[in-house]
Amino acid sequence: MRRVVFNQKGGVGKSTITSNLAAIAAAGGKRVLVIDLDRQGNTSRYQMGDALDEGAAGSAEFFESTLKFAVRPPAATDFVTETPWDNLHLMPASPELDELHSKLESRYKIYKLRDALQPLADDYDEIWIDTPPALNFYTRSALIAAQGCLIPFDCDDFSRRALYGLLEAVEEIRADHAPELSVEGIVVNQFQARASLPQRVVQELLDEGLPLLEPYLSSSVKVKESHELSRPMIHLDARHKLTQELQALYEALG
């Protein structure tokens, strides 16, 4: 299964959701690859911490290799590194992704990620792709390469208004380029059950028939500690309420 976590808005928890669901899958015995396409590299840092080698090959080097013709092009696994966690591998991001963007777009390399990931079905049970907060070349590449799309949503009116355009963008890419792609659901993040605004916004989305996944992920300061320590929640505190919610969300994906 290849999944992409996508939202054009920043700060909605893409990296947190990608890293934690992938870590839960790996902790359960699945062979998992995480691909970081965001030049900020938050997912890469979250998975690796100080073990992240800034000079290691990753997603930028993969895309750079597609700009050169080779009789025997390198495999996607050549750009993958092990993480400190069993069964979990990473294709890290770097700022060089910015420098390559216009070259890749002008030479229409939009299908290269999909073509590289399809042969990995024997190597990995699940592939998770984290995307930048923009509908750009890298995001489109990820959506074309994926089978499922998760959309993080934080409970405010600006996010709600942006949601419809985002769903339309995913549907357009599915129709034009990626018949396998489907929106698996909207992940409600930073949910405060006792606050009236989040409850109202979520109920409005449900009333409109949008595919909200349950459980909703609670707001918690524990996740900030998880970021600081570079330890996904399953490895930091398996009994924490948020960890339990993440596990239930992963199980709901089937």
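Residues numbered from 1 in each chain as written. Predicted model: local features only at pLDDT ≥ 70, side-chain atom pairs only at ≥ 80, totals over all residues. Heavy atoms only, no water.

Considering the overall build of the protein
Looking only at helices and strands, one finds 11 helices and 8 strands in the protein. Expected size for 254 residues packed as a compact globule is a radius of gyration near 18 Å; at 18 Å, the protein falls within 12% of this value. Over its C-alpha atoms, taken along the principal directions, the protein stretches across nearly 60 × 40 × 30 Å. Buried residues in the protein amount to 52% of all 254 residues. Of the contacts formed within the protein by residues at least 6 apart in sequence, a portion of 78% connects residues at least 24 apart. Taken as a whole, the protein presents about 11,900 Å² of accessible surface, with 47% of it coming from carbon and sulfur. Looking at the protein, you have 26 positive and 38 negative side-chain charges, and the mean spots of the two groups are 1 Å apart. (Helix = DSSP H or I, 4+ residues; strand = E, 2+ residues; numbered from the N terminus. Rg over C-alpha atoms; globule rule 2.2 N^0.38 Å. Buried < 20%, exposed > 50% of the residue type's maximum accessible area, 1.4 Å probe, protein only. Contact = heavy atoms within 4.5 Å. Areas by Shrake-Rupley, 256 points an atom, 1.4 Å probe, with all protein chains shown as cover. Lys, Arg positive; Asp, Glu negative; His and termini not counted. Charge placed at Lys NZ, Arg CZ, Asp CG, Glu CD.)

Comments concerning the packing of aromatic side chains
Summed over all chains, the structure comprises 7 aromatic pairs. Ring centres of Y108 and Y111 lie 6.1 Å apart, and the angle between their planes is 70°; this geometry places the pair in the edge-to-face category. Judged by its relative accessible area of 52%, Y108 is exposed. We classify Y111 as partly exposed; its relative accessible area is 25%. Between F137 and Y138, the ring centres sit 5.4 Å apart and the planes meet at 80°, which makes this aromatic pair edge-to-face. According to the relative accessible area criterion, F137 is buried, its value standing at 2%. Members of the aromatic cluster, each reached through a chain of ring pairs, are F62, F63, F79, F137 and Y138. (Phe/Tyr/Trp six-rings, centres within 6.5 Å; stacked < 30°, edge-to-face > 60°.)

Observations concerning unusual backbone geometry
Cis geometry is adopted by the peptide bond preceding P215, which originates at E214 and carries an omega value of 5°. Looking at the secondary structure, you find P215 in the loop between strand 8 (212-213) and helix 9 (222-229). Phi angles above zero are rare outside glycine, and N87 is one such case at about 70°. Along the chain, the position of N87 falls in the loop between strand 3 (81-82) and strand 4 (88-91). The residue S230 is not glycine, and still its phi comes out positive at about 55°. Mapped onto the elements, S230 comes out in the loop between helix 9 and helix 10 (233-236).

Section: the environment of R107
Here R107 shows up in the loop between helix 4 (96-106) and helix 5 (112-117). It is 23 Å that separates the C-alpha atoms of R107 and V4, two residues lying 103 residues apart in sequence. A polar contact of 3.0 Å, which involves the side chain of R107, links it to the backbone oxygen of L67. (Polar contact = N/O pair within 3.5 Å; in protein donor to acceptor, adjacent residues only side chain to side chain.)

What about helix 8 (residues 196-207)?
Taking 1.5 Å of rise per residue, the 12 residues of helix 8 would be expected to cover 16 Å, and the 16 Å separating its terminal C-alpha atoms lies within 8% of that figure. Every buried residue of helix 8 is listed here: P198, V201, V202 and L205. Looking straight down helix 8, one finds that the buried residues subtend no more than 95° of arc, so they occupy a single side. Summarising the geometry of helix 8, the exposed residues directed more than 90 degrees from the buried face are S196 and D207. Buried residues along helix 8 sit against strand 6 (148-154), helix 7 (157-176), strand 7 (182-189) and strand 8. Count one or two residues on from helix 8 and you reach G209, which has phi positive near 80°. (Expected span 1.5 Å × (residues − 1). Arc of directions from axis to C-beta.)

Scope: geometric values only; no functional claims are made or implied.
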